[in-house]
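# Structure at a glance
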Amino acid sequence: MFADIQEKITQLTKELNEYNYQYYVLAHSAISDYDFDIKLKELEALEKQYPQFKDPNSPTQKVGGDITHKFNTVKHRWPMLSLGNTYNEQELRDFDERVRKIVGDQVQYVCELKFDGLSISITYEQGKLVRAVTRGDGTQGDDVTNNVKTIRSIPHSLKKNSYPDIFEIRGEIFMHHAAFERLNKKREENGEQIYANPRNFASGTVKLQDPKEVAKRPLDCFLYFLYTDRRNRLFDSHWDSIQAIKSWGFPISEHTKLCQNIEEIWAFINFWEEMRHQLTYDIDGIVIKVNDYAQQEELGFTAKSPRWAISYKYKAERVETLLKSITYQVGRTGAVTPVANLEPVLLAGTTVKRASLHNANEIARLDLHVNDTVYVEKGGEIIPKIIGVNNEKRAVGTSPFVYPTLCPECHEPLVRQEGEAVHYCLNEAGCKPQIVGKLQHFIGRKMMDIQGLGNETIETFYSLGLLHNISDIYSLKEHREELKTLDRFGEKSIENMLTGIENSKSKPFEKVLFALGIRHVGETIAKKLALHFKSLDNLAQANVDEIADVPDIGIRIAESVYHYLRDERHVQELNRLKLAGLRFEMEEQEVVAAGSNLTGKTFLISGVFADFSREELAQLIESHGGKMVSSISAKLNYLVAGDKMGPSKLAKAEKLKIPIISDKEILEMIIQNT
Ligand code: IVH
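Residues numbered from 1 in each chain as written. Predicted model: local features only at pLDDT ≥ 70, side-chain atom pairs only at ≥ 80, totals over all residues. Heavy atoms only, no water.

As annotated in an unreviewed UniProt entry, the protein chain carries the name DNA ligase and comes from Sphingobacterium arenae. Per UniProt, the protein chain carries the Sequence similarities (unreviewed entry) text "Belongs to the NAD-dependent DNA ligase family. LigA subfamily." (UniProt positions renumbered as here; feature names shortened; annotations may be inferred.)

Below is the structure:
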């Protein structure tokens with residue numbers, strides 16, 4: 001019996017550590033928060049009863065996950081603790097009773113929304129933002145200062161006020177739904193991996209190595225906690241500290257309430273359970289904090305969390321429906337995605353017909369059978385997820401879904417490479433969705449942007465045998481007469497299309513590289529490779545390690561590029577494209593411009609700035625190699641414009657077509673170079 005228990009503890013420990021790693025390091029988790037907590041509680045109970053089997057690295061001992069190693073690691077001056085979770089009214093009432101037993105009945109609580117993002121700790125010294133650190137494992141985290149500085153709502157320097165000389169302020173970074181959907185759509189169009197929910201997007205963004213890219217992704221933040229020496233002398237309560245934080249210029253949530261008793265807390269929880277769908281960002285619960293600092297001190301902490309606060313977690317909305325079938329979609333890169341077709345059902349305000357299943361592991365993990373009744377959940381994700389099967393409703397004698405061994409489109413064998421979860425069809429040259437998908441990708445707006453040639457035409461030309469390889473696009477002009485005989489193709493539209501094709505030959509190398517549709521090479525990666533290697537010939541000579549040496553290019557991408565360039569069919573196709581006149585090298589001026597160093601650049605500052613005095617800004621520019629000038633001329637590289645800038649200067653700069661930039665953009669340029 002003991003062996004069984006020991007095994008159970010080992011298995012739960014392993015499983016939960018893996019989920020923690022996925023959540024905190026990879027910013028993606030395969031389990032719902034609720035199921036995670038249930039498993040954690042199960043492990044906690046077993047460890048309590050059988051401490052002899054407890055692993056010293058048990059997830060019950062940790063606040064969060066590991067730290068990623070790309071940034072400098074910084075120790076938190078005050079550890080970043082987590083909160084105890086409750087899921088029902090009784091557990092919440094128990095919390096209130098525990099509190100009142102210790103501090104008496106005169107207790108007030110602050111109820112706040114529990115934002116679903118990633119927590120951040122920001123240090124200010126003499127009113128200036130000096131450091132921003134992620135939670136990491138609670139004791140130490142990643143220094144992500146440069147990335148956090150790109151968040152518009154976080155002040156870099158505070159207006160004169162009565163803030164302490166040194167303080168740390170904590171809050172949650174998140175992404176609004178609208179930005180999430182817009183950016184994800186763009187990623188999809190660019191053939192980049194999309195994020196499952198705004199939290200993963202926000203977390204993935206804060207952990208990027210390139211602050212300029214971070215600046216392009218609008219993040220937001222609410223601050224909800226203050227640490228400083230002698231805090232209790234400055235304020236009596238959490239509520240007072242939050243009001244002060246607001247007056248210092250920090251964004252705090254307006255949906256915060258001071259509650260006098262558990263009934264008011266419960267009403268706040270119920271109100272937001274409904275209303276949370278009206279917010280422009282995700283929350284996953286409510287945080288309840290004892291307001292009075294003296295009472296907080298009396299209550300103290302457990303090893304992991306304060307006894308004076310707790311969170312109430314909302315359950316993701318869940319419904320039951322019938323799983324009718326699974327279809328397997330083949331994408332442009334040959335990746336196969338299983339999709340569950342469901343009996344339509346209403347969930348969180350929309351009708352759901354399909355659910356994503358990710359890959360074969362997911363189907364096996366869920367043990368899905370034909371005609372199962374499944375639970376479908378819509379958490380933060382836009383696409384609903386199947387999270388389990390109602391076994392009681394499973395008919396006898398049903399069989400599990402078997403993952404196909406052949407491609408559903410071209411019937412060639414599917415391959416799953418070691419360490420990868422996804423199946424691929426490798427029949428690149430003979431599988432319709434791959435051929436058509438690659439052609440459609442190539443002509444896309446962000447790639448070669450071929451005017452006059454659309455996705456439908458690509459399909460038609462493919463069926464007629466006019467297009468197969470990308471290079472066939474550049475031979476279409478040889479089929480002019482044949483094209484004229486086709487229905488729906490007037491002479492004018494054919495000429496437009498052929499002109500569009502000719503014009504695409506001047507697209508820069510980075511676009512060509514992106515347009516080729518190499519697996520894992522999205523827009524940003526293509527740009528980085530083009531900038532680094534400067535020509536296809538250089539890239540083709542590089543080995544995997546040399547490619548992986550480029551910042552932000554991992555080994556998986558490097559291997560994909562390396563193998564792509566060694567495939568004989570690709571080599572021949574690239575030669576045909578070279579002969580057609582496409583650009584496979586960067587031009588000198590593109591290389592220089594993209595370096596964006598302040599060295600050798602001239603700047604003129606005009607107007608007033610919220611975060612800097614003009615002298616401070618000039619010093620900043622000069623300390624990074626830029627040169628200040630005093631008048632606008634054609635030689636000026638940038639006009640840095642603040643508020644209240646004189647109209648004549650503006651007009652002159654516009655006339656000379658001098659780029660007008662903000663102080664934030666200067667910071668972005670500087671950050672990128674450090
Ligand atoms: S207070 C010691 N307030 O939830 C107090 N946390 O499970 C620590 N969170 O790590 C946090 N909204 O990332 C607090 N209004 C809020 C919050 C909040 C979201 C997150 C935060 C924290 C986690 C705790």
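Now that the structure has been shown, we can carry on.
### A short note on the UniProt feature "binding site: NAD(+)" (unreviewed entry) in the protein chain
What UniProt calls "binding site: NAD(+)" (unreviewed entry) maps, in this numbering, to Asp33, Tyr34, Asp35, Phe36, Asp37, Ser82, Leu83, Glu112, Arg135, Glu172, Lys289 and Lys313. When you line up the elements, Phe36 lands in helix α2 (residues 33-49). As for its placement among the helices and strands, Glu172 is situated in strand β7 (residues 166-174). By relative accessible area, which is 9% here, Glu172 ends up buried. Setting aside residues no more than four positions away along its own chain, Glu172 makes contact with Phe115, Asp116, Gly117, Leu118, Ser119, Asp220, Cys221, Phe222 and Tyr224. Engagement of the side chain of Glu172 in a polar contact is seen with the backbone nitrogen of Gly117, the distance being 3.2 Å. (Helix = DSSP H or I, 4+ residues; strand = E, 2+ residues; numbered from the N terminus. Buried < 20%, exposed > 50% of the residue type's maximum accessible area, 1.4 Å probe, protein only. Contact = heavy atoms within 4.5 Å. Polar contact = N/O pair within 3.5 Å; in protein donor to acceptor, adjacent residues only side chain to side chain.)

### Overview of the side chain of His76
Along the chain, His76 turns up in the loop between β1 (73-75) and β2 (84-86). In this structure the side chain of His76 is engaged in a polar contact, spanning 3.1 Å, whose partner is the backbone oxygen of Thr134. Side-chain polar atoms of His76 contact the backbone oxygen of Arg135, separated by 3.2 Å. Apart from the residues lying within four places of it in its own chain, the contact partners of His76 are Ser121, Val133, Thr134, Arg135, Gly138, Thr139, Gln140, Gly141 and Arg170.

### Some details on the pairing of strand β21 (residues 638-641)
Of the two faces of β21, the one lined by Tyr638 and Val640 and the one lined by Leu639 and Ala641 are each fully buried. Two strands pair when backbone bridges link them, and strand β19 (residues 602-606) and β21 are joined in this way by four bridges, in the parallel orientation. Looking across to β21, one finds that Leu604 is bridged to Leu639. Here β21 runs beside strand β22 (residues 660-661); their pairing, made up of two bridges, is parallel. What sits directly across from Val640, in β22, is Ile661. In this fold, the crossover linking β21 to β22 by way of helix α25 (residues 647-655) has right-handed handedness. (Pairing = 2+ DSSP bridges. Right-handed = clockwise from strand over helix to strand, strands pointing away.)

### Focus: the site of the ligand
Around the ligand, the neighbouring residues are Leu83, Glu112, Leu113, Lys114, Phe115, Ser119, Arg135, Glu172, Tyr224, Val287, Lys289 and Pro306. In the environment of the ligand, a nitrogen atom lies 3.0 Å from a nitrogen or oxygen atom belonging to the backbone of Leu113. Between the ligand and Lys114 there is a distance of 3.1 Å, counted from an oxygen atom to a side-chain nitrogen or oxygen. Contact with the protein chains hides 91% of the accessible area of the ligand, taken as 520 Å² for the molecule alone. Contributing elements (two or more residues each) for the shell around the ligand: β3 (109-115) and β10 (283-290). When residues of the shell around the ligand are assigned to their parent elements, the largest contribution, four residues, is made by β3. Classifying every residue of the shell around the ligand gives six nonpolar, one polar and five charged. (Near = heavy atom within 4 Å. Areas by Shrake-Rupley, 256 points an atom, 1.4 Å probe, with all protein chains shown as cover. Nonpolar A, V, L, I, M, F, W, Y, C, P; charged D, E, K, R; others polar.)

### Here we look at the sheet that holds strand β9 (residues 257-259)
Pairing within the open sheet is mixed, and its five strands lie in the order β2-β11-β10-β3-β9. Edge positions in the sheet fall to β2 and β9, since each of these pairs with one other strand and no more. Neighbour to neighbour, the strand axes of the sheet diverge by 35° on average, direction disregarded. In this sheet, β9 lies alongside β3 in antiparallel orientation, the contact comprising three bridges. Looking at the pairing, Val110 lines up with Leu258 of β9. Packing of helix α9 (residues 238-247) onto the sheet brings it into contact with β3, β9 and β10, and relative to β3 it is tilted by some 55°. Packing of helix α10 (residues 262-275) onto the sheet brings it into contact with β3, β9, β10 and β11 (309-313), and relative to β3 it is tilted by some 20°. (Axes fitted to C-alpha atoms, helices over the stretch in contact; angles between N-to-C directions.)

### Overview of unusual backbone geometry
With a phi close to 65°, Asn371 is a non-glycine residue in the positive phi region. Under the relative-accessibility criterion, Asn371 is labelled partly exposed at 44%. The backbone phi angle of His411 is positive, close to 65°, even though this residue is not glycine. With respect to the element layout, His411 can be found in the loop between β16 (385-389) and β17 (414-415). For His411, a relative accessible area of 53% corresponds to the exposed category.

### Overview of the UniProt feature "binding site: Zn(2+)" (unreviewed entry) in the protein chain
Feature annotation in UniProt places "binding site: Zn(2+)" (unreviewed entry) on Cys407, Cys410, Cys425 and Cys431, given in this structure's numbering. For the annotated residues, spread through 25 residues, the largest C-alpha to C-alpha distance comes to 8.6 Å, consistent with a single compact locus. For Cys425, the position within the fold is in strand β18 (residues 424-425). Leaving out residues up to four positions away in the same chain, Cys425 has contacts with Gly334, Val336, Cys407, Cys410, Leu414, Cys431 and Gln434.

### Here we look at the nonpolar core
Note that soluble globular proteins tend to have their nonpolar side chains buried in a common cluster. Formed by 54 residues in total, the largest nonpolar core has its most connected members in Phe442, Ile473, Leu513 and Leu529. Apart from the residues within four sequence positions on either side, Ile473 is in contact with Leu439, Phe442, Ile443, Ile450, Leu453, Leu467 and Ile501. Listed in part, the 38 residues of the second largest apolar core include Ile154, Leu183, Phe235 and Phe250. (Core = buried A, V, L, I, M, F, W, Y, C linked by side-chain atoms within 4.5 Å.)

### Description of the sheet that holds strand β4 (residues 118-125)
One open sheet holds the four strands; their spatial order is β5-β4-β7-β8, and the pairing between them is antiparallel. The open sheet has two edge strands, β5 (128-134) and β8 (220-227), and neither has a second partner. When strand polarity is set aside, the average angle formed by the axes of neighbouring strands in this sheet is 30°. Contacting β7 and β8, α9 crosses the sheet at an angle of about 130° to β8.

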